[in-house]
Amino acid sequence: MAAQSLLTESVLGWSIFTVILLVILVFCWIYIRKFQSRRESEVISTITAICALAIALITSALLPVDIFLVSFMKYPNGTYKEWAANNETRGQIEDTVLYGYYTLYSIILICVFLWIPFVYFYYEERDDNNVNRCSQVKNALKYTIGFVIVCVALLLIGAFVPLAAPPGQNSTQWEKVQYLFEELGSSHGLPALSFSISSLTLIGMLAVITYTAYGMSVMPLNLIKGTRSVKYERLENTEDIDDVEHQIEKLKSKCQDGRPLSSRDRNNLQELEGKLQVLRRRGRHLEIAERNCCTKVGSALRPFKILLGIFFILVALLFTIALFISNLDKALHSAGISSGFIIFGTNLTNPLNELLLALQPVFPLDYILITVITVYFVLTSMAGIRNMGIWFFWIRLYKIRPKKTRPQALLFLCMILLLIVLHTSYMIYSLAPQYVMYGSQKYLVQMPSPGPTSGNTTINTSRICDADAPEDQCTVTRSYLFLHKFWFFSTIYYFGNWAFIGAFLIGLVVSCCRGKKSVIEGEVEADDSDFSDDEYVH
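In this text, all values refer to a predicted model and were calculated from it rather than measured experimentally.

About the criteria used
Residues numbered from 1 in each chain as written. Predicted model: local features only at pLDDT ≥ 70, side-chain atom pairs only at ≥ 80, totals over all residues. Heavy atoms only, no water. Helix = DSSP H or I, 4+ residues; strand = E, 2+ residues; numbered from the N terminus. Contact = heavy atoms within 4.5 Å. Areas by Shrake-Rupley, 256 points an atom, 1.4 Å probe, with all protein chains shown as cover. Phe/Tyr/Trp six-rings, centres within 6.5 Å; stacked < 30°, edge-to-face > 60°. Lys NZ or Arg CZ within 6 Å of the ring centre and 35° of its normal. Core = buried A, V, L, I, M, F, W, Y, C linked by side-chain atoms within 4.5 Å. Buried < 20%, exposed > 50% of the residue type's maximum accessible area, 1.4 Å probe, protein only. Axes fitted to C-alpha atoms, helices over the stretch in contact; angles between N-to-C directions. Parallel < 35°, antiparallel > 145°, perpendicular 65-115°, else oblique. Nonpolar A, V, L, I, M, F, W, Y, C, P; charged D, E, K, R; others polar. Expected span 1.5 Å × (residues − 1). Disulfide = S-S within 2.5 Å. Salt bridge = Lys/Arg side-chain N within 4 Å of Asp/Glu carboxyl O. Patch = residues over 30% accessible without salt bridge, like charges linked within 9 Å, V, L, I, M, F, W, Y side chains within 5 Å. Lys, Arg positive; Asp, Glu negative; His and termini not counted. Charge placed at Lys NZ, Arg CZ, Asp CG, Glu CD. Left-handed = near helix turned anticlockwise from the far one by under 90°. Pairing = 2+ DSSP bridges.

Participant: For this particular structure, what's the right way to read the overall build of the chain?
Facilitator: Along the backbone of the chain there are 17 helices and four strands. When contacts within the chain are restricted to residue pairs at least 6 apart in sequence, long-range pairs at least 24 apart make up 80% of them. Of the roughly 26,200 Å² that the chain leaves accessible, carbon and sulfur atoms contribute 63%.

See the structure below:
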């Protein structure tokens, strides 16, 4: 009976995971195809982008399975179920999840340090005539070797870096932290992989602060504001065309008598002709948008978009408040910087943590909520990337536009989203620390029986798992142990959360000050060529 119960609940958890896997693959295919340039599309880069994004999302989908398994080992009263009463059985179940993380994180390392760089440089080295493929492969491998060297260096550092905390921290809580770090065993393989993934998560944290924080403000406010009227834009564009044509005729009239134009006038004429070309191309796009049925449907759905925007901004504020409370809790109740600001359970009421704990017993509601949170982070990150473009410090590398994104930009896009989703696992821990650590597990505590005549009798009461629970009564998720193997990364993530809150508030102010965007936002740029219009006409 116990074995049958174990099999049923394991199959249920992994079946939901399989369904989510199929949904993720479909989502990634649609997502990449939406932004892919039709003229410069590459089969290799498209497959690479879809697979990289899918792997990142699948990794994040493993977190609810981990939480589900540790939670369903116990009954709501805090006692272990028959099939989970044995420590060896519980270890085997959690090891299955751990091997899943091993596999997916190893694939992520291959994607980041080998697969994506090779495909990127292979496309960069492509000749115009596309004849010398051997030279392309050779040059791409030459540049990729640098990424492989970095990966090997991270693995070596992770394998031999000391995990012991700095001297002077001897509190009971820190001893608990040390025990958890040692729980995964003394093998050098896990620390090496964990250090490499944590390094990538650190880069993902910077991307989250840059793109996701801004996207969380710009996406809902764009839905609330809506777009400008296409008829008004066409009228305004026609007036601009007339004005530019008048200026061009005025400049050309200066040379009607045979006198050449000055260099200043020639430069002005060239700029005006370029501007006129962009305005005419913009006029063609506005004409198509006015006839497009999607524009009319979008206008009809305007009230729904406003409600959706309000919902998204409330969700963003909920995340920000939950993150602030979590960080404040760490600042007040953790052992400090040298412990990575790690705490067990929650000392301050966290709304998102309480919501997840309430939903967790009714599986798969918490699974759905975690998936929605992950997708929300991806969508807001994409909104931030699309509005800002891909930058390297002050240099703008690529623009992300529907049906016009180059293959190299798609690879950059998926690399950034992959790193963002990696950091999402830690963000979810920051938003709901107790849920990510223990799920809905409870443990039994013996309390004195109430009443004056009770004598020395005691009763068993259940409590939610926290730092005070006996070591054999609460099982910590593998994802938590994996992400918190190195205390100094947790310290950096803690300060990164404060930077995220500040970036979100700044982005909110900037988004509020900006006006409505054009109905053809991102479709027409000065550096586009005339033939690029074909991607929208056909």
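Now that the structure has been shown, the text picks up again.
Participant: Would you mind going over the packing of aromatic side chains with me for this structure?
Facilitator: The relation between two aromatic rings is expressed through the spacing of the ring centres and the mutual angle of the planes. Inspection of every chain in the model, using the stated rule, returns 22 aromatic pairs. With centroids separated by 5.4 Å and ring planes inclined at 80°, the aromatic side chains of Y120 and F121 adopt a geometry described as edge-to-face. Taken together, the aromatic side chains of Y120, F121, Y143, F147, Y398 and F412 make up a single cluster linked through ring pairs. Taking the ring centre of Y80 as reference, the NZ or CZ of K74 above it sits at 4.7 Å. Sitting over the face of the ring of Y143, K142 holds its NZ or CZ atom 5.4 Å from the ring centroid.

Participant: Mind showing me how you'd approach the nonpolar core here?
Facilitator: If you look at soluble globular proteins, the nonpolar side chains tend to sit buried side by side. Counting residues in each nonpolar core, the largest one holds 122 residues, and the members touching the most others are Y105, I108 and F319. When residues in this core are grouped by element, the largest group, 18 residues, is from helix 13 (residues 407-431). Not counting chain neighbours up to four residues away, the residues in contact with Y105 comprise T59, L193, I197, L422, F482 and L483. Residues I241, V244, L261 and L279 belong to the second largest nonpolar core, which totals nine residues.

Participant: Looking at this model, I keep getting lost on the packing of helix 2 (residues 43-71) against helix 13. Mind explaining?
Facilitator: Interaxial distance between helix 2 and helix 13 falls to 9 Å at its minimum, and their mutual angle equals 5°. Our classification of the angle between helix 2 and helix 13 gives roughly parallel. Side by side, helix 2 and helix 13 meet where S45, T48, A49, A52, L53, A56, L57, S60 and L63 of the first sit next to P407, L410, L411, C414, L417, L418, V421 and I428 of the second. In terms of residue class, the contact of helix 2 with helix 13 is built from 14 nonpolar, three polar and no charged.

Participant: Before we go on, may I ask you to explain the side chain of T46 in this structure?
Facilitator: Summarising the element assignment, T46 is placed in helix 2. By relative accessible area, which is 9% here, T46 ends up buried. Among residues more than four places away in sequence, those in contact with T46 are I32 and Q36.

Participant: Would you explain helix 8 (residues 263-291) in this entry?
Facilitator: Since the α-helix advances by 3.6 residues per turn, residues separated by three or four positions end up pointing in the same direction. Relative to the 42 Å expected for 29 residues at 1.5 Å per residue, helix 8 spans 43 Å between its end C-alpha atoms, a close match to the ideal helical length. All buried positions along helix 8 are accounted for by D265, L269, L272, L276, L279, R281, G283, H285, L286 and A289.

Participant: Could you clarify how one ought to interpret the environment of L193 in this entry?
Facilitator: Position of L193 relative to the elements: it lies in helix 6 (residues 189-225). Sequence separation between L193 and G158 is 35 residues; the distance between their C-alpha atoms is 7.0 Å. Excluding residues that lie within four positions of it along the chain, L193 makes contacts with Y102, Y105, S106, L109, L155 and F482.

Participant: Please explain the state of the cysteines as it appears in this structure.
Facilitator: Where two cysteines share a covalent bond between their sulfur atoms, that bond is called a disulfide. Per the stated rule, a full pass over the model turns up zero disulfides. Sulfur of C51: no disulfide; nearest cysteine sulfur belongs to C111 and is 7.7 Å away. On the basis of relative accessibility, which here comes to 28%, the residue C51 falls in the partly exposed class. With no disulfide of its own, C513 lies closest to C512 among cysteine sulfurs, the gap being 6.7 Å. On the basis of relative accessible area, C513 is assigned to the exposed category, the value being 65%.

Participant: Can you walk me through the environment of L422 in this structure?
Facilitator: Summarising the element assignment, L422 is placed in helix 13. A relative accessible area of 4% places L422 in the buried class. Separated by 366 residues in the primary sequence, L422 and A56 place their C-alpha atoms 6.8 Å from one another. Once residues lying within four places of it in the same chain are set aside, the contact partners of L422 are Y105, I108, I197, L200 and T201.

Participant: What should I look at first to understand the pattern of salt bridges in this one?
Facilitator: Here the idea is simple: oppositely charged side chains can pair when their charged atoms come close. Evaluation of the coordinates by the stated rule reveals three salt bridges. Between R282 and E233 there is a salt bridge, with its nearest N and O atoms 2.7 Å apart. Taken as a pair, R282 in helix 8 and E233 in helix 7 (residues 230-252) lie far apart in primary sequence, 49 residues in all. Relative accessible area serves as the criterion here: at 22%, R282 is assigned to the partly exposed category.

Participant: Could you clarify how one ought to interpret a positive patch on the surface in this entry?
Facilitator: Taken together, the side chains of K34, K305, R386 and K517 make up a positively charged region of the molecular surface. Along the chain, K34 falls in helix 1 (residues 2-35).

Participant: I keep staring at the packing of helix 10 (residues 302-333) against helix 16 (residues 487-513) and nothing clicks. Help me out?
Facilitator: Packed helices, taken two at a time, are described by the angle between their axes plus the distance between the axes. One way to put it is that helix 10 packs onto helix 16 with a least axis distance of 10 Å and a crossing angle of 150°. Classified by chirality, the crossing of helix 16 by helix 10 is left-handed. Residues I313, A316, L317, T320, L323, F324, N327, L328, K330 and A331 of helix 10 form the contact with helix 16, whose own contacting residues are Y494, N497, W498, F500, I501, F504 and L508. Taken together, the residues of the contact of helix 10 with helix 16 sort by class into 13 nonpolar, three polar and one charged.

Participant: Help me out: how do you make sense of a negative patch on the surface in this one?
Facilitator: On the surface, a cluster of negative charge is made up of E239, D240, D242 and D243. Considering the arrangement of structural elements, one finds E239 in helix 7. Of the residues examined, E239 reaches a relative accessible area of 49% and is grouped as partly exposed.

Participant: Sorry if this is basic, but what is going on with the pairing of strand 2 (residues 395-398) here?
Facilitator: For a regular strand, side-chain orientation follows a simple rule: the groups alternate between the two sheet faces. Note: strand 1 (residues 390-392) against strand 2, three bridges, orientation antiparallel. Note on strand 2: the bridge partner recorded for F392 is I395.

Participant: What is the right way to read a nonpolar patch on the surface from this model?
Facilitator: A cluster of nonpolar side chains, contributed by I110, L114, V148, V152 and L156, occupies part of the molecular surface with about 410 Å² of accessible area. Of all elements in the fold, only helix 3 (87-124) and helix 4 (133-160) reach the threshold of two or more residues within the nonpolar patch. No other element matches the three residues that helix 4 contributes to the nonpolar patch. Here V152 shows up in helix 4. Residue V152 is classed as partly exposed on the basis of its relative accessible area, which comes to 43%.

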